[in-house]
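Here are the chains, one letter per residue:
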Amino acid sequence: MIDREKFKENFVYLDKEVVVEIIDIFLSEYEERLLNIQNTITQGDFSGLKFNAHSLKGVIANFMDPPTIELSRALDEKAKLEEGSGLQELFDNLKQATESLVAGLKDLKTEFI
């Protein structure tokens, strides 16, 4: 769940149009990002998983959504340690949390239009 107060604090100095653009970019890219993560898990590509999970974590951190940040951080950490156990379950939880984040962003976006 997005911490709306922290979200607004994070973007307080940006024009509303810029905030909407940042949200729109994420909304247009998140499915591909998740697909890339799923593919690296399927292939056992820890280097690719680390890159993709870390990248997603950095993007999501802007939106102040602790559960999604934590799940992407956990995937990043497992990739760094090349620990394959539980990756698919962790990814499934991340995918579900990201869908919740997407719904929250779509709702929050209306406040900036």
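Definitions and limits used
Numbers given for residues are sequential positions, taken from 1 along each chain in its written order. At least 70 in pLDDT is required for a residue's local features to be given in this predicted model, at least 80 for side-chain atom pairs to be given and counted, and no such filter applies to totals for whole chains, interfaces and linings, which use all residues. Derived side-chain values reflect all non-hydrogen atoms in the structure, with water molecules and hydrogen atoms excluded from consideration. Going along the chain from the N terminus, every DSSP run of H or I of four or more residues is numbered as a helix, and every run of E of two or more is numbered as a strand. Helix span is expected to be 1.5 Å times the residue number reduced by one. We call a residue buried when its accessible area falls under 20% of the maximum for its residue type, exposed when it is over 50%, and partly exposed in between, using a 1.4 Å probe and counting protein chains only. Directions pointing from the helix axis toward each C-beta atom define the arc. Throughout, a residue-residue contact means that at least one pair of heavy atoms, one from each residue, lies within 4.5 Å. The term polar contact refers here to a pair of N or O atoms within 3.5 Å; inside protein, the definition further demands a hydrogen-donor-capable atom paired with an acceptor-capable atom, and it admits residues adjacent in sequence only when both atoms are side-chain atoms. By definition, a salt bridge exists where a carboxyl oxygen of Asp or Glu is found within 4 Å of a side-chain nitrogen of Lys or Arg. Two aromatic rings from Phe, Tyr or Trp, using only the six-membered ring of Trp, form a pair when their centres are within 6.5 Å; if the ring planes differ by under 30 degrees the pair is stacked, by over 60 it is edge-to-face, and anything between is tilted.

Participant: Would you mind going over helix α3 (residues 46–61) in detail, with residue names and values included?
Facilitator: Taking 1.5 Å as the rise per residue, α3 with 16 residues should run 22 Å; its terminal C-alpha atoms sit 22 Å apart, in good agreement. Considered for burial, the residues of α3 that qualify are G48, L49, N52, A53, L56, K57 and I60. Looking straight down α3, one finds its buried side chains confined to an arc of 160 degrees; they lie on one side. Exposed positions of α3 whose direction lies more than 90 degrees from the buried face are S47 and F51. Buried residues in α3 make contact with α2 (16–43), α4 (66–80) and α5 (87–109). At the N-terminal boundary of α3, the capping side chain belongs to D45, with an oxygen 3.4 Å from the backbone nitrogen of S47.

Participant: Quick rundown of the pattern of salt bridges? Include the residues and the values.
Facilitator: Pairs may arise between side chains of opposite charge once their charged atoms sit close together. By the definition in use, this model includes 10 salt bridges. With its nearest N and O atoms 2.6 Å apart, the salt bridge here joins R4 to E111. Here R4 is found in helix α1 (residues 4–10), whereas its partner E111 is found in the segment after α5, with 107 residues between them in sequence. Classification of E111 by relative accessible area gives partly exposed; the value is 36%. When the shortest N-O distance is used, the salt bridge between E77 and K80 registers 3.6 Å. One end of the pair, E77, and the other, K80, are both in helix α4, three residues apart, so they sit about a helical turn from each other. The class of E77 is partly exposed, set by a relative accessible area of 30%. When salt bridges with common partners are traced through the structure, they connect R4, K8, D107 and E111 into a single cluster.

Participant: How would you explain the packing of aromatic side chains if you had to name every residue and give the values?
Facilitator: What the rule picks out here adds up to five aromatic pairs. On the numbers, 6.2 Å between centres and 20 degrees between planes, the contact of F7 with F63 is stacked. Of this pair, F7 sits in helix α1 while F63 sits in the loop between α3 and α4, placing them 56 residues apart in sequence. With respect to class, F7 is no different from F63; both count as buried. For the pair F26 and Y30, a centre-to-centre distance of 5.8 Å together with 25 degrees between the ring planes defines the contact as stacked. Note that F26 and Y30 are positioned in helix α2 at a spacing of four residues, about one turn of the helix. For F26, a relative accessible area of 2% corresponds to the buried category. Taken together, the aromatic side chains of F7, F11, F26, Y30, F63 and F112 make up a single cluster linked through ring pairs.

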